[in-house]
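# Results of the structural survey
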Amino acid sequence: MNLVTVSLGSNIHPTRHIRCCLDALADTFGPLQISRVFESEPVGFTDNRNFYNLVVAFRSTWTPGELQAWGKQLEIEHGRLPDIAKFSPRALDIDLLTVGSLCGTVNDIALPRSEITHNAFVLQPLAELLPEQRHPRCGTPYAALWSAFELGSQRLWAVDFSWRGRWISLADQQPLLAAARR
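Attention here is on the structure that accompanies the text. (Residues numbered from 1 in each chain as written. Predicted model: local features only at pLDDT ≥ 70, side-chain atom pairs only at ≥ 80, totals over all residues. Heavy atoms only, no water.)

## Regarding the overall build of the protein chain
- Secondary structure summary: the protein chain contains 6 helices and 10 strands in total.
- The 182 residues of the protein chain split such that 49% are buried.
- Across the protein chain, the fraction of contacts at a sequence separation of at least 24, relative to all contacts at a separation of at least 6, is 67%.
- Carbon and sulfur atoms form 50% of the exposed surface of the protein chain, whose accessible area is close to 9000 Å². (Helix = DSSP H or I, 4+ residues; strand = E, 2+ residues; numbered from the N terminus. Buried < 20%, exposed > 50% of the residue type's maximum accessible area, 1.4 Å probe, protein only. Contact = heavy atoms within 4.5 Å. Areas by Shrake-Rupley, 256 points an atom, 1.4 Å probe, with all protein chains shown as cover.)

## Some thoughts on the nonpolar core
- Counting 30 residues, the largest nonpolar core has Val6, Leu8, Leu22, Leu25, Leu32, Val56 and Phe58 as the members making the most contacts within it.
- Broken down by secondary-structure element, the contributors of at least two residues to this core are β1 (2–10), α1 (14–29), β4 (51–60), α2 (64–77), β5 (93–99), β7 (109–111) and β9 (161–163).
- If you tally residues by element for this core, the top one is α1, at 7 residues.
- If near-sequence neighbours (up to four positions away) are discounted, phenylalanine 58 is found in contact with Asn2, Leu3, Val4, Val6, Leu25, Phe29, Pro31, Leu32 and Leu67.
- With 19 residues, the next largest nonpolar core counts Leu3, Phe121, Leu126 and Leu145 among its residues. (Core = buried A, V, L, I, M, F, W, Y, C linked by side-chain atoms within 4.5 Å.)

## Some details on helix α4 (residues 120–129)
- Extensive coverage of α4 is indicated by the burial of 10 of its 10 residues.
- Buried within α4 we find Ala120, Phe121, Val122, Leu123, Gln124, Pro125, Leu126, Ala127, Glu128 and Leu129.

## Describing the pairing of β5
- With respect to burial, β5 is a largely interior element, 7 of its 7 residues being buried.
- Where β1 lies against β5, 6 bridges are found, and the strand directions are antiparallel. Bridging across to β5, leucine 8 finds its partner in isoleucine 94. (Pairing = 2+ DSSP bridges.)

## With respect to the pattern of salt bridges
- All chains considered together, the criterion is met by 8 salt bridges.
- Between arginine 36 and glutamate 128 there is a salt bridge, with its nearest N and O atoms 2.7 Å apart. Within this pair, whereas arginine 36 is found in the loop between β2 (33–34) and β3 (37–40), its partner glutamate 128 is found in helix α4, the two being separated by 92 residues in sequence. By the burial criterion, arginine 36 is buried, and glutamate 128 matches it.
- Sharing partners across several salt bridges, the network here consists of Asp23, Asp27 and Arg164. (Salt bridge = Lys/Arg side-chain N within 4 Å of Asp/Glu carboxyl O.)

Structure below.
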């Protein structure tokens, strides 16, 4: 079984759609490790609605193609049309970040996803969730990548967020322990 990481984002009713996505992930793949939830300003979007972003890790034997197809189908079920403009508001955005240590193009999917090292809204939650895990391509732990990351104009902040009756994210506290989020 591979450790799979995905990034989740939403800027249309984000609390509702992210909770639904977490339900679907847990129902399909079992126990989840979940980062804190961050609110971030949109990058590249003309719509000014902020996003909620987080990273989720789970174990799976599915291929990258199967994982990608599952995620795209869930996005469609939440109203995201496949032919919509790239920088349009979205109820749910699911991006496959890593599948084990796979590197390169697998099932027409570039792994690991380049956004890991380019976007704070992906790297910070990933570094908090799996600080010692090494980036499959460069071999650097995510915590080290985050500590060297140049934020520039990217702004994000933790928000309070609960799922299935438990707090998985508290804005005014340090990251919760991974074991407490399962």
